[in-house]
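Observations on chain architecture
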Amino acid sequence: MSSLMSGSQILLESLAREGVEMIFGYPGGVTLPIYDVLYDHPIRHVLVRHEENASFAAEGYARATGRVGVCMATSGPGATNLTTGLVDALMDSIPIVAITGQVPEHLIGRDAFQEADTFGITRAATKHNYLVKQIDEIPQVIHEAFHIAGAGRPGPVLVDITKNVLQGKTGYHPAAVLRPLRGFHVRLDPDDEEIEAALQFLWASERPYIYAGGGVISSAASDELREFAELLEAPLAHTVMGLGALPSNHPNFISMLGMHGSYAANMGITETDALIGLGVRFDDRVTGRLDAFAPKARVLHVDIDPAEINKNRRADLGIVGDVKQVLQKLNNRLRETKESLGTHNRQKRAVWRARIEGWKREHPFAEVYDDNEIKPQYLMKKLDEASGGEAIVSVDVGQHQMWAAQYIRFNRPRLWVNSGGLGAMGFGLPAAMGAQFGNPGKLVMAVVGDGGFMMSLPELATISSHKLPVKIIVMNNGWLGMVRQWQELFYNGRYSEVAMDAFPNCELLAAAFGIRGRSVDNPAELETGLAEALAEPGPFLLNVNVTREENVYPMVPAGGAVNEMILGPPKPVAVGD
Amino acid sequence: MQQLISLLVENKPGALMRVAGVLTSRGYNIDSLTVAKTLDPTLSNMTIVVNVESSTHDEELLIKQIKRLVDVVEVVDLTDSQAVTRELALIKVKVSPDMRPALLKEADIFRARVVDAASTSYTLEVTGAGEKLDALIGLLHNYGEVEMIRSGAMAMGRSPKVDHREAFAEASRVSDKVRETVKI
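As the structure is a prediction and not an experimental result, all values here were calculated from the model.

Cut-offs used in this document
Residues numbered from 1 in each chain as written. Chains lettered and ligands numbered in written order. Predicted model: local features only at pLDDT ≥ 70, side-chain atom pairs only at ≥ 80, totals over all residues. Heavy atoms only, no water. Pairing = 2+ DSSP bridges. Helix = DSSP H or I, 4+ residues; strand = E, 2+ residues; numbered from the N terminus. Contact = heavy atoms within 4.5 Å. Axes fitted to C-alpha atoms, helices over the stretch in contact; angles between N-to-C directions. Parallel < 35°, antiparallel > 145°, perpendicular 65-115°, else oblique. Left-handed = near helix turned anticlockwise from the far one by under 90°. Buried < 20%, exposed > 50% of the residue type's maximum accessible area, 1.4 Å probe, protein only. Polar contact = N/O pair within 3.5 Å; in protein donor to acceptor, adjacent residues only side chain to side chain. Expected span 1.5 Å × (residues − 1). Arc of directions from axis to C-beta. Buried area = accessible area lost by both parts, 1.4 Å probe. Salt bridge = Lys/Arg side-chain N within 4 Å of Asp/Glu carboxyl O. Nonpolar A, V, L, I, M, F, W, Y, C, P; charged D, E, K, R; others polar.

Moving on: the sheet that holds strand S20 (residues 540-545) of chain A. Residue and element names in this part refer to chain A. Taken in spatial order, the six strands make up an open sheet running S16-S15-S17-S18-S20-S19, and their pairing is parallel. Unpaired on one side and paired on the other, strand S16 (416-417) and strand S19 (516-520) mark the two borders of the sheet. As defined by bridge partners, strand S17 (residues 444-449) adjoins strand S18 (residues 471-476) across five bridges and the pair is classed as parallel. Bridged to Gly449 within S18 is Met475. Strands in contact with helix H15 (residues 376-387) are S17, S18 and S20; relative to S18, the strand with the most contacts, it is inclined by about 165°.

Let us now look at the packing of helix H3 (residues 51-65) of chain A against helix H4 (residues 77-92) of chain A. All names here are of chain A. Two elements in contact, H3 and H4, have axes separated by 6 Å at closest approach and are oriented at 30°. It follows from the interaxial angle that H3 and H4 lie roughly parallel. Viewed along their axes, H3 and H4 form a crossing whose handedness is right-handed. Here Glu51, Glu52, Ala54, Ser55, Phe56, Glu59 and Arg63 of H3 lie close against H4, whose contacting residues are Gly78, Asn81, Leu82, Thr84, Gly85, Leu86, Asp88, Ala89 and Asp92.

As a further point, take the sheet that holds strand S3 (residues 43-51) of chain B. Residues and elements named next belong to chain B. Taken in spatial order, the four strands of this open sheet run S2-S3-S1-S4, and their pairing is antiparallel. One side of each edge strand has no neighbouring strand; the edge strands of this open sheet are strand S2 (30-37) and strand S4 (72-77). Neighbour to neighbour, the strand axes of the sheet diverge by 15° on average, direction disregarded. Its contacts with the sheet place helix H1 (residues 15-24) against strand S1 (2-10), S2, S3 and S4, and it is angled at close to 20° to S3.

Now for the side chain of A:Ser8. Residues and elements named next belong to chain A. Within the secondary structure layout, Ser8 lies in helix H1 (residues 7-17). With relative accessibility at 0%, the residue Ser8 sits in the buried group. A polar atom in the side chain of Ser8 sits 3.4 Å from the backbone nitrogen of Ile34. Non-local contacts of Ser8, meaning those with residues more than four positions away in its chain, are made with Pro33, Ile34, Val37 and Leu166.

Before going further, it helps to examine helix H14 (residues 346-362) of chain A. Residue and element names in this part refer to chain A. Its 17 residues give H14 an end-to-end C-alpha distance of 24 Å, which sits within 8% of 24 Å, the value for a rise of 1.5 Å per residue. Regarding H14, the residues found buried are Arg349, Trp352, Ile356, Gly358 and Trp359. Angularly, the buried residues of H14 cover 170° about the axis, an arc narrow enough to put them on a single face. Opposite the packed face of H14, turned more than 90 degrees from it, sit the exposed residues Gln347 and Arg361. In this structure, the buried side of H14 is in contact with helix H8 (192-204), strand S9 (208-212), helix H10 (222-232), strand S11 (253-256) and helix H11 (263-271).

Looking now at the interface of chain B and chain A. One widely used convention gives an interface's size as the accessible area the parts lose upon coming together. Contacts between the two partners involve 28 residues from chain B and, on the opposite side, 31 residues from chain A. Both faces considered, chain B and chain A share a buried interface measuring about 2,400 Å² in area, 51% of it formed by carbon and sulfur atoms. Our enumeration of links across chain B and chain A arrives at four salt bridges. We note a salt bridge from B:Asp40 to A:Arg182, for which the minimum N-O separation is 3.5 Å. Here chain B is connected to chain A by nine residue pairs in polar contact (both at pLDDT 80 or more). Elements that contribute at least two residues to the side of chain B that touches chain A include exactly H1, helix H2 (58-67) and S4 of chain B. Per element, the largest residue contribution to the side of chain B that touches chain A is five residues, and it comes from H2(B). Split by residue class, the side of chain B that touches chain A holds 12 nonpolar, five polar and 11 charged.

Below is the structure:
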């Protein structure tokens, strides 16, 4: 008979058994029993300065390490503050587990102090959630929560635990086996029949095109993806979630596709006859107007979530499975048949590659430089040089995010951290913290806009307190730049409520938090400022004042066809056929 | 378009909320919903009738997104199947003494039973397909004021399998278009 343990002790023991090393959290009334155990527990707790940033940090940790991120908050406002990060993780399929305290069971439904219906509120914000009212359930529920968060299509799971359970005592019996989850099935491996159908599909194609997203990173299928692209000799575009799965300098890589994607990627998708979607969800920012998206293509769609097949674009062949396993089988067959079936359209595919190369040369992402002011694109080029394809780059949401996606290259997956689906401002800095905690020795840059930076300002305290060596690069144009861009292009230049004036003095701000900082205004200063930031062993806040009114191009206007890109100022130009 | 969905769910708090959430997030109104536990008390059976936007081809996606829920063990779209569908109604009708024999005769045609009788009213219980209930209610309006409560539809697929889960699994395999490999 094991000795009695409190619910809080059992909780932390269960987390430790799941391999949790770190929790991003913020304490409060009902989680006091947990924090009392944490006081001298080996699991490390990082005290953030706002619960929303706990969920973003857990996401950054998960995105950069591939492990399940954990965050924790108290009942009521603590739990509601976590919610944005949960929805963000849901949209981008990021595995995190959130622990929240709930008021004691006898007070539930009595409008108790700091009571909120966390279970109800987070129903639509999570892959699954739990309300724990029995102490004996804790080990099983935690075990299940980690399983559900990580298995199949990853996502956030929330466990809400009442205070009386956290305080109660019982014998601890670790959850050795998962209790059967009758409604949770994950199909990983495809049938041979499906693989053969896919093989026919691929070798029959004259203009194949690979469209690869975050699912490739979730399933750790980078090697398989590279081999697949090489065997098929097909161009490959990434979604904003997929960047890094194929190294950016790979010859088959044609950059990002979609609203701010490359000319080659968007022209290619318009002309392809065989679209191969791998771990993607045909998001509207990728497809633009759906009926003009890949209009000449038959579609092969591979995803682990059956609900993604046929959701936005009908698949001619849909395979439900883990991208890695599907590609492994497919690559074997491609290799075996390359000199037989693979020879049929070889000539046509060579012509196709030449067309793609032509588009790449015709309109690469523009080289933009000015002697006197820092162009945002130039800033990203400098950051790309500083990174050398190896730094973790955690971005916020907006213009800088798109420029970073266009100009910064990645040699491997899990270096690019961004809020892709939800587009949650305030994500970049706390996510960079999580990424840095998960990768202590690595260069982590938080590349954020001035708007998003102001949303995550309090985390400078967390960064300072841990001497976390994050390099914070603020691309400061004094606006909510992306909203301003839309107001310029689609609302007659009426700049309504987008000026981010009264930005704090960067040196003073940094100094106030006990870290180093500097502001730069021209390319020469950027050079030295960046060098100074990178040489600094601790955190550094580099405020980069860039050209105020610069737009992200190419741009597919919302609801437009992807080949109808606005390539640059001053006038919209429709291209393509 | 009315979609008829039958589900086997974990008999747990929150299961109903999760299923309803998939529908309400789209702004769909649930026309009727019945839930009760099955012979296996850890499982509940739900029958949902919901008005879906058929122009958006949402029916298939809806089923798949419901199936994705961890608490949903099986789900099957019975809209176009030969499922047995039944509904129960309790109908209270005001009736004058001279019309009572005529009402009882008509109730008999519909196999409605009197479950309560007062000096000025009868309460009838009737089961059947929705249209049958509509017809009876329409007739009863001729006698006087009518008050009515309906259970909403419950549906059972026509599978030879007696085991609930097996029957569901079979039905859902039939309707599951994802697993079909398209021949090229």
